[in-house]
Amino acid sequence: MKIRSGMNENPLVRLPKEFSSGDNSPMSINVTNIIVEARQKALEDTKNIPIPPVVEKVDWPVSCTVGPGLEGAISAETKVGYVNGQKGWLVYRGYNIFDLCAHSNFEEVSFLLLHGRLPNAVELKDFQATLRSDLKINQSLRLLMSFDAEHLSPMAALRLGINLMRQRQTFRDKEGVVVVSGSIASDEDSIPMETLPKGEKEAIYSFQGQTYTRPASPGENLAASTEMDSCYRLIAGVASITAAIIRLRAGKMPLEPLEHLSHAGNLLYLMTGKEPSALETRIMDVSLILHADHGMNASTFASMVVASTLSDIYFSIGSGVAALSGPLHGGANEEVIKMLQEIGEPENVTSWYKKARAEKRKIPGFGHRVYKAYDPRARILGPLAEAVTVGNPEMERIMATAKALEALVVVELGGEKKIFPNVDFYSGIVYKAMGLPAEVFTPLFAVSRVSGWTARVMEYLERNRIFRPRAIYTGEFYEEFPSLESRG
Ligand code: ACO
């Protein structure tokens, strides 16, 4: 391994033109100022922490110390993103998270993660148009509706929706074959004309229309499904499915995207049915940027492990969604709101905390495998949450409770254990203040992280090697096989 020490500190954020919400929203917040101030604070708080040495080149095999949960294990080389837990750095393709949040938008950041460079104006416009067009996945949504998606957990429904996208898109990408239907959909439109029933024996009906044949080798399958187009479709599709799930759960039909809205704007519109203000769109954009990539976290690793078998990208991203759903990972944002509602008032924080610690509960929204300093994403989301909750008594109470809890946890656990708020502590408060239901918080994480998942999968596949770690066997070797009768 070649280690380079002493990276230059990134220059201070260049202040862009004043962000103006251009609406009549009661939340007259300057989002960019919040980000700039968060960055200044991050620089001040960490100025005495040495700048980390950076590994430039890895000569495999590499030696490293590995802890339980693969802590410390080096699994791949990447240029996609960098996290430094001591200094609290988060960098996508060389750009720090504060600059990206201050100056960029989700489409630009997704292009950056996938292609390794920022798009020019034409490329950005094209990419935005492609994503907008890919938000229309009506056939997949119809199929999803036939599964009673509103009664599944939103993350389960999202995962199912990705499988349905796969069914409609994998294998066909390569040849561009338009398939009428390979399956039964939920309404008349999407069911092609029924032909001869084959009878009870086979319990299957055949339908008119072209069918596709599965490619013979996994290699072909991979080539068909890991094209950039599939990544774009997934980035758009996860947003469409998430929005549709939220609509269905509220007893409403999914909507079509609007031509003049950005990805963040359409995401909000598709969920709520209302055109968002510029400020709401900007806040959603910042949140999507903040969640887009984060090293070899559990869901990214899950996506990469599946892709490394030369499975396809839809299966791979579906695995990322499954991994993200757990309360130790993306599911923590929903748990945070439940916890804050359980605590109720800032005055209850101390007694609640004592009880939780006595019960050895982990506090949702705190702690991180990598960050041993304040999570830079929480540095932005904390003040943003504070700003968006002003004027809403319920949200002000939740925010006051959150701040009291943060103060106590940092005093109790920040010093020795280095436990600080993570990205999930304030994201739910921001979403709730925007009127979004708690059930969508974790799917929203996936709407953003799908950019990082696809970028890292595509990068890894360039020099793919199947992931295959080992376990230490601590069991017996010489048991004698007992008969069934003797087992009691
Ligand atoms: N509350 C209280 N104590 C904690 C917390 C917490 N949230 N997190 C870690 N600790 C303590 C542990 O009890 C342990 O203490 P010990 O050494 O006395 O046993 C020590 O800190 C180290 O914790 P580990 O669980 O070993 O840390 P690990 O790296 O395995 O886990 C994790 C990281 C899963 C994020 C953990 O901090 C946690 O469960 N946090 C709460 C859930 C959460 O917020 N998850 C979202 C993380 S961000 C994301 O995934 C997007």
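Residues numbered from 1 in each chain as written. Predicted model: local features only at pLDDT ≥ 70, side-chain atom pairs only at ≥ 80, totals over all residues. Heavy atoms only, no water.

Attention shifts here to the site of the ligand. Of all residues adjacent to the ligand, which total 20 residues, the nearest are His329, Lys362, Gly365, Arg369 and Lys417. Within the backbone of Ile363, one N or O atom sits 2.8 Å away from a nitrogen atom of the ligand. Across the complex, the protein chains shield 70% of the 910 Å² of accessible surface that the ligand would expose by itself. Within the shell around the ligand, the residues separate by chemical class into ten nonpolar, five polar and five charged. (Near = heavy atom within 4 Å. Polar contact = N/O pair within 3.5 Å; in protein donor to acceptor, adjacent residues only side chain to side chain. Areas by Shrake-Rupley, 256 points an atom, 1.4 Å probe, with all protein chains shown as cover. Nonpolar A, V, L, I, M, F, W, Y, C, P; charged D, E, K, R; others polar.)

A word on the confidence of the model for the protein. Averaged over every residue, the pLDDT of the protein is 85; the share at 70 or more is 82%. Per-element averaging of pLDDT across the protein places strand S7 (residues 205-207) at the bottom with 37 and helix H3 (residues 106-115) at the top with 98. Confidence drops under a pLDDT of 50 for residues 6-27, and excluding neighbours within four residues, the segment shows 49 contacts in the predicted structure. Between residues 172-226, whose pLDDT stays under 50, and residues either more than four places distant or in other chains, the model counts 85 contacts. (pLDDT = per-residue confidence, 0-100. Helix = DSSP H or I, 4+ residues; strand = E, 2+ residues; numbered from the N terminus. Contact = heavy atoms within 4.5 Å.)

Attention shifts here to the nonpolar core. Core analysis: the largest hydrophobic core is formed by 122 residues, its most contacted members being Tyr92, Met284, Leu405 and Ile429. The element contributing the most residues to this core is helix H9 (residues 228-249), with 13 residues. Apart from the residues lying within four places of it in its own chain, the contact partners of Ile429 are Ile337, Leu340, Ala385, Thr389, Met395, Ile398, Met399 and Ala402. (Core = buried A, V, L, I, M, F, W, Y, C linked by side-chain atoms within 4.5 Å. Buried < 20%, exposed > 50% of the residue type's maximum accessible area, 1.4 Å probe, protein only.)

What follows is about the pairing of strand S3 (residues 81-84). In terms of strand pairing, S3 meets strand S4 (residues 89-92) through four bridges, oriented antiparallel. Paired with Val83 across the bridge in S4 is Leu90. Counted along the chain from S3 to the antiparallel partner S4, the turn is four residues long, and its residue Gly88 has a positive phi close to 70°. (Pairing = 2+ DSSP bridges.)

To continue, consider the sheet that holds strand S5 (residues 95-96). Here three strands make up an open sheet; going across it, the order is S3-S4-S5 and the pairing antiparallel. Pairing within the sheet leaves two strands with one partner each, and these edge strands are S3 and S5.

Counted according to the given criterion, the structure contains eleven aromatic pairs. With a centroid separation of 5.7 Å and 75° between ring planes, the pair formed by Phe111 and Phe127 is classed as edge-to-face. Here Phe111 is found in helix H3, whereas its partner Phe127 is found in helix H4 (residues 121-134), with 16 residues between them in sequence. When sorted by exposure, Phe111 lands in the same class as Phe127, which is buried. Three or more aromatic residues link up through ring pairs in this structure, and these residues are Phe111, Phe127 and Tyr232. Over the aromatic face of Phe315 sits the side chain of Arg166, whose NZ or CZ is 3.8 Å from the ring centroid. (Phe/Tyr/Trp six-rings, centres within 6.5 Å; stacked < 30°, edge-to-face > 60°. Lys NZ or Arg CZ within 6 Å of the ring centre and 35° of its normal.)

The angle between the axes and the distance between the axes are what describe a pair of packed helices. Interhelical geometry of helix H11 (residues 278-290) versus helix H19 (residues 441-462) gives an angle of 70° and a closest axis separation of 8 Å. Judged on the interaxial angle alone, H19 and H11 are roughly perpendicular. Crossing of H11 over H19 shows right-handed handedness. Of H19, the residues touching H11 (which contributes Met284, Ser287 and Leu288) are Leu444, Val447 and Ser448. Of the residues assigned to the contact of H11 with H19, the class counts are four nonpolar, two polar and no charged. (Axes fitted to C-alpha atoms, helices over the stretch in contact; angles between N-to-C directions. Parallel < 35°, antiparallel > 145°, perpendicular 65-115°, else oblique. Left-handed = near helix turned anticlockwise from the far one by under 90°.)

Another point: the pattern of salt bridges. Enumeration over the complete set of coordinates arrives at 15 salt bridges. For Lys57, the salt bridge identified is with Asp59, shortest N-O distance 2.9 Å. Owing to a relative accessible area of 43%, Asp59 belongs among the partly exposed residues under this scheme. When the shortest N-O distance is used, the salt bridge between Glu335 and Lys338 registers 3.3 Å. Of this pair, Glu335 and Lys338 both sit in helix H14 (residues 332-343), three residues apart, which is roughly one turn of that helix. The partly exposed category is assigned to Lys338, whose relative accessible area is 44%. (Salt bridge = Lys/Arg side-chain N within 4 Å of Asp/Glu carboxyl O.)

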